[in-house]
Amino acid sequence: MEKKRKLLILMPDGRIHKLKLGPINKSFREAPLTATSLAALVPQELNFDIKIVDESVDKVPLEEHFDLVAISCLTGTVVKAYHYADFFRSKGIPVVLGGVHVTLMPEEASLHADAIVTGFAETAWPALLNDFVDGKMLKHYCQTEQHFYQVPVPRRDLQRKSGYMVPNVVSATRGCKGTCDFCSVSAAHFGWSTRPIPEVIDEVKNLPKPRFVFNDVSMGEDMDYFKQLLTELIPLKKKWGGLVSTKVFHDPEVLPLLKKSGCLYLLLGFESISNISLQHISKGFNKVEEYKQIIDGMHHFGIVLMACFIFGFDEDDKTIFEKTVDFVNDYKVDIPRYAIFTPYPKTEAFNKLEREGRLLHYHWQHYDTQHVVFVPKLMTPEELDRGFIWSYKKTFTVASSLKRTIYTGKNFPITFGGNLAYNIYIHRLMNEKNRILPA
Ligand code: SF4
C-alpha cells in the first residue's frame, strides 16, 4: 500500500486571545474555520495524513517530519508564519503560505514559501496539492472567483476538542460590501457572497453540539437572504452567536427573528461614538444616534451585545477614552471590546498614513489592533496606548462589569463571564514590555 504523505496545516499564534491559567490553555475565541476547511478540501485520493495545529491552543510540532506544510496567517501573525516557514524549509520541507496578508502582500510572502495561495482556496488549494503530488507545484496559485457552494464540511474531527470557548463554527456568507478604509477584507476585494441556505442548514443540523458561531464578517448584507436563513434556523432549536452590521436593525422584523432563530449574542462594530470619525473611515452607515435604540432592542429580546470601539481616529483627542467608557457604562454595552486603529497593509488608511510619514514601523506582529503602529493626529502614540489600556482597566473592574451585566437575567453567565475574561486579558496588556516598537 502507498505510504501516506504527511500534511501539516498550521495557524500561527493568536497570542493576545489566549487564556492561560495553569494547565488550562484555551483560546478566548471560537475555533478558527480556516484550517478545518482547508483540511476538508484535501482530495481523498491523494492519501494525505493531515494534522491541524492552531498555535493558540497547540504546540507547533517542530520535531515531526512532514511532506508538506501549509501555513495560513493574518497580518498580526505573519511574522511567526515566516519564522515557521523558514524553519521547515531549512529542514527541506516545502511550505505553502496563504491567508489575507499573503493575498495583500504576495511578493513579500513569496520570499518565505515554495508556493503561495492568494484569494480563495476551494479550487486553488486542491490544484496545488495535485501538482505537489505530481512533483510540479507552481510558485503561485490564485483564485479570484468565489466557489461558495457544495463546500465540504470542515474537518472538525481534526481540531483540538477542548481548546475553544466555542468549538463549532459555521460560515454562511463571505466577505463584506463595506469599504472601511482600514479593513483588509475591503482592501483584498473579496466581494460578498452567500452560501446556499440548505447547505448551511444541513451543516448546522449535524453539528454535535447545540451551540455554534457564524464567523461571517457581515451576514446581513442581503436582508432577504439573512431573514430566510434566520427563519430556517428556527426549527433546529440551536443557539448561536455572530457578527452583523448596524444596518440590519433598520428592518423591524429582524430582532424578533433573531430571537426565534436562537441568537444568543451578536458582535457589532460600533467603532466610534463620533459620526465624523465614522464618516472619515467610510463607515458612515453607523449612526451614533441609533446605537441606543439598537442596544435597547437587543436587550429587550434577550440578545447579548458585544460591541467593538476603536481608538486613534484623526478626530480622537485624549478625551475620547473617558467619553467612550462613559458611553459603554451608560448604555449598558454587555461586553465591550476595544481596539487601536490599525491601518492594515495595502488599505487606504495605510497608504494615507504612509504618505503623511505617520507610520511608526512595518513590524507586522504589532498590526493586530492591540498596539499603536502610527502617529495619531491629536495625541502622541504613548498617550494613545495609555488611554487604550486605561479604558480596558476602567471598564472591566468587577464592580463596573457587574453594574453593566447584573440586569441581563439568564444571560448573566455569558455577559459576566465575558467581562471576567477581559479582566484577565488586561493583565497581559499591562505586563507587556515594548508595547510601542521603534522603527
Ligand atoms: S470593517 Fe467590517 S464593515 Fe468595514 S469593510 Fe471590514 S468587514 Fe466590512
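Note that the structure is a prediction, hence the values are computed from the model and not measured.

### Focus on the packing of helix H12 (residues 320-330) against helix H14 (residues 381-395)
Between H12 and H14, whose axes approach to 9 Å, the crossing angle comes to 20 degrees. If you check the angle between H12 and H14, you find them roughly parallel. Like other packed secondary-structure pairs, H12 and H14 cross with a definite hand, here right-handed. Residues Phe321, Glu322, Val325 and Val328 of H12 form the contact with H14, whose own contacting residues are Glu383, Leu384, Gly387, Phe388, Trp390, Ser391, Lys394 and Thr395.

### Some details on a positive patch on the surface
A cluster of basic residues, Arg211, Lys239, Lys259 and Lys410, forms a positive patch on the protein surface. Under the relative-accessibility criterion, Lys259 is labelled partly exposed at 32%.

### Section: the sheet that holds strand S17 (residues 335-340)
In space, the six strands of this open sheet follow the order S10-S13-S14-S15-S16-S17, with parallel pairing throughout. Strand pairing shows two members of the sheet lacking a second neighbour, strand S10 (169-170) and S17, which therefore form its edges. Bridge count between strand S15 (residues 263-271) and strand S16 (residues 304-311): five bridges; the pairing is parallel. Across the sheet, the residue bridging to Leu266 is Leu305, located in S16.

### Some points on the site of the ligand
Around the ligand lies a shell formed by Cys176, Gly178, Cys180, Cys183, Ser186, Val217 and Lys283. Split by residue class, the shell around the ligand holds four nonpolar, two polar and one charged.

### Side note on the pairing of strand S14 (residues 239-244)
Across three bridges, the pairing between strand S13 (residues 211-214) and S14 is parallel. When the bridges of S14 are listed, Phe212 appears paired with Trp240. Each parallel crossover has a hand, and the one from S13 via helix H8 (residues 223-233) to S14 is right-handed. Where S14 and S15 come together, five bridges link them in parallel fashion. Bridge assignment links Gly242 to a residue of S15, and that residue is Leu266. Where the polypeptide runs from S14 across helix H9 (residues 254-261) and back to S15, its parallel neighbour, the crossover connection is right-handed.

The rules behind the values
Residues numbered from 1 in each chain as written. Predicted model: local features only at pLDDT ≥ 70, side-chain atom pairs only at ≥ 80, totals over all residues. Heavy atoms only, no water. Axes fitted to C-alpha atoms, helices over the stretch in contact; angles between N-to-C directions. Helix = DSSP H or I, 4+ residues; strand = E, 2+ residues; numbered from the N terminus. Parallel < 35°, antiparallel > 145°, perpendicular 65-115°, else oblique. Left-handed = near helix turned anticlockwise from the far one by under 90°. Contact = heavy atoms within 4.5 Å. Patch = residues over 30% accessible without salt bridge, like charges linked within 9 Å, V, L, I, M, F, W, Y side chains within 5 Å. Areas by Shrake-Rupley, 256 points an atom, 1.4 Å probe, with all protein chains shown as cover. Salt bridge = Lys/Arg side-chain N within 4 Å of Asp/Glu carboxyl O. Lys, Arg positive; Asp, Glu negative; His and termini not counted. Charge placed at Lys NZ, Arg CZ, Asp CG, Glu CD. Buried < 20%, exposed > 50% of the residue type's maximum accessible area, 1.4 Å probe, protein only. Pairing = 2+ DSSP bridges. Near = heavy atom within 4 Å. Nonpolar A, V, L, I, M, F, W, Y, C, P; charged D, E, K, R; others polar. Right-handed = clockwise from strand over helix to strand, strands pointing away.

Coordinates in, geometry out; function isn't part of it.
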